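Listed below, chain by chain, are the residues.
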Amino acid sequence: MVQRIDISTISGGDKILEPSGTGRRGKLSSLRRSLNALRCRISKRGRSKPPDQFLDKFSAASATSDTRLHQAGCAAPQAVPSDGVCSRLSVDPSLPSHYRWLSVVSLAVLYNIIFVIGRAVFWELNKQASVLWWILDYLCDFIYLTDTLVHCHE
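Residues numbered from 1 in each chain as written. Predicted model: local features only at pLDDT ≥ 70, side-chain atom pairs only at ≥ 80, totals over all residues. Heavy atoms only, no water.

Looking at an unreviewed UniProt entry, one finds the chain named Ion transport domain-containing protein and attributed to Anopheles epiroticus.

So, in structure tokens, the structure goes:
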């Protein structure tokens, strides 16, 4: 007599070895258990999602993560003083002034796309007002450098 291991009874039941029946009922019940196990594995029922620490850092409800740290015995993170140098250098991207700054940067990009390529193709444009082009080129370069500093302090 041949015995086989039934995998569905290993994970949930207390018997490990089960004699395999040669009848039709044993095959159907084995197929049914396998399909149920597959369905549960695919649907992931009963499993909770592990907490995402990256999203917890940047979520609006950071107070809940601070209380979890406090309950776990960890020290709460220290707040940065708002009257220091950091508050003067930081830029809030939700303010209207930040959107105005982004429009200035967009105009500088538009200038470089249209006029720099146009001056490279049409040499007469470059010869007519070369001082103006130099001023505008350096102004756009200054805007790009300033934008780099703004994005560093968001």
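Here the narrative resumes.
Here's the deal with helix H8 (residues 130–152)
Across its 23 residues, H8 extends 33 Å between first and last C-alpha, which sits within 8% of the 33 Å expected from 1.5 Å per residue. By the burial criterion, the buried members of H8 are Trp133, Asp137, Cys140, Ile143, Asp147 and Val150. Contacts made by the buried residues of H8 are with helix H6 (96–121) and helix H7 (123–128). (Helix = DSSP H or I, 4+ residues; strand = E, 2+ residues; numbered from the N terminus. Expected span 1.5 Å × (residues − 1). Buried < 20%, exposed > 50% of the residue type's maximum accessible area, 1.4 Å probe, protein only. Contact = heavy atoms within 4.5 Å.)

Overview of the UniProt feature "transmembrane region" (unreviewed entry) in the chain
The positions UniProt marks with the feature "transmembrane region" (unreviewed entry) are residues 101–122. What you have in residues 101–122 is 95% helix and 0% strand, and the ends, taken at the C-alpha atoms, are 31 Å apart. (UniProt positions renumbered as here; feature names shortened; annotations may be inferred.)

Some details on the nonpolar core
Of all hydrophobic cores here, the largest spans six residues; its members are Val105, Ala108, Tyr111, Trp133, Cys140 and Ile143. Contributing elements (two or more residues each) for this core: H6 and H8. Among all residues touching Cys140, those that are not within four sequence positions of it are Ala108, Tyr111 and Asn112. (Core = buried A, V, L, I, M, F, W, Y, C linked by side-chain atoms within 4.5 Å.)

Regarding the confidence of the model for the chain
Summing up the model confidence of the chain, the mean pLDDT is 73 and the portion of residues at 70 or higher is 55%. Counting interchain partners and residues more than four positions distant, the pLDDT-below-50 stretch residues 14–18 has 13 contacts. (pLDDT = per-residue confidence, 0-100.)

Quick look at the environment of His153
Among the structural elements, His153 can be located in the segment after H8. Exposure remark for His153: the relative accessible area of 32% places this residue in the partly exposed category. Counting along the chain gives 63 residues from His153 to Ser90, while the straight-line C-alpha distance between them is 4.7 Å.

Considering the packing of aromatic side chains
Inspection of the entire model under this criterion finds three aromatic pairs. Their ring planes at 25° and their centres at 5.9 Å tell us that Trp134 and Tyr138 sit as a pair that is stacked. With Trp134 and Tyr138 both in helix H8 and four residues apart, this pair spans about one turn of that helix. No difference in accessibility class separates Trp134 from Tyr138, as the two residues are exposed. Three or more aromatic residues joined by ring pairs form one cluster here, namely Tyr111, Phe115 and Trp133. (Phe/Tyr/Trp six-rings, centres within 6.5 Å; stacked < 30°, edge-to-face > 60°.)

Overview of the packing of H6 against H8
Two numbers describe how H6 lies on H8: the axes approach to 10 Å, and their chain directions differ by 140°. Here H8 runs oblique to H6, going by the angle between their axes. Classified by chirality, the crossing of H8 by H6 is left-handed. Contacts between H6 and H8 involve His98, Trp101, Leu102, Val104, Val105, Ala108, Val109, Tyr111, Asn112, Phe115, Val116 and Arg119 from the first element and Trp133, Leu136, Asp137, Cys140, Ile143, Tyr144, Thr146, Asp147, Val150 and His151 from the second. Considering only residue class, the contact of H6 with H8 consists of 15 nonpolar, four polar and three charged. (Axes fitted to C-alpha atoms, helices over the stretch in contact; angles between N-to-C directions. Parallel < 35°, antiparallel > 145°, perpendicular 65-115°, else oblique. Left-handed = near helix turned anticlockwise from the far one by under 90°. Nonpolar A, V, L, I, M, F, W, Y, C, P; charged D, E, K, R; others polar.)

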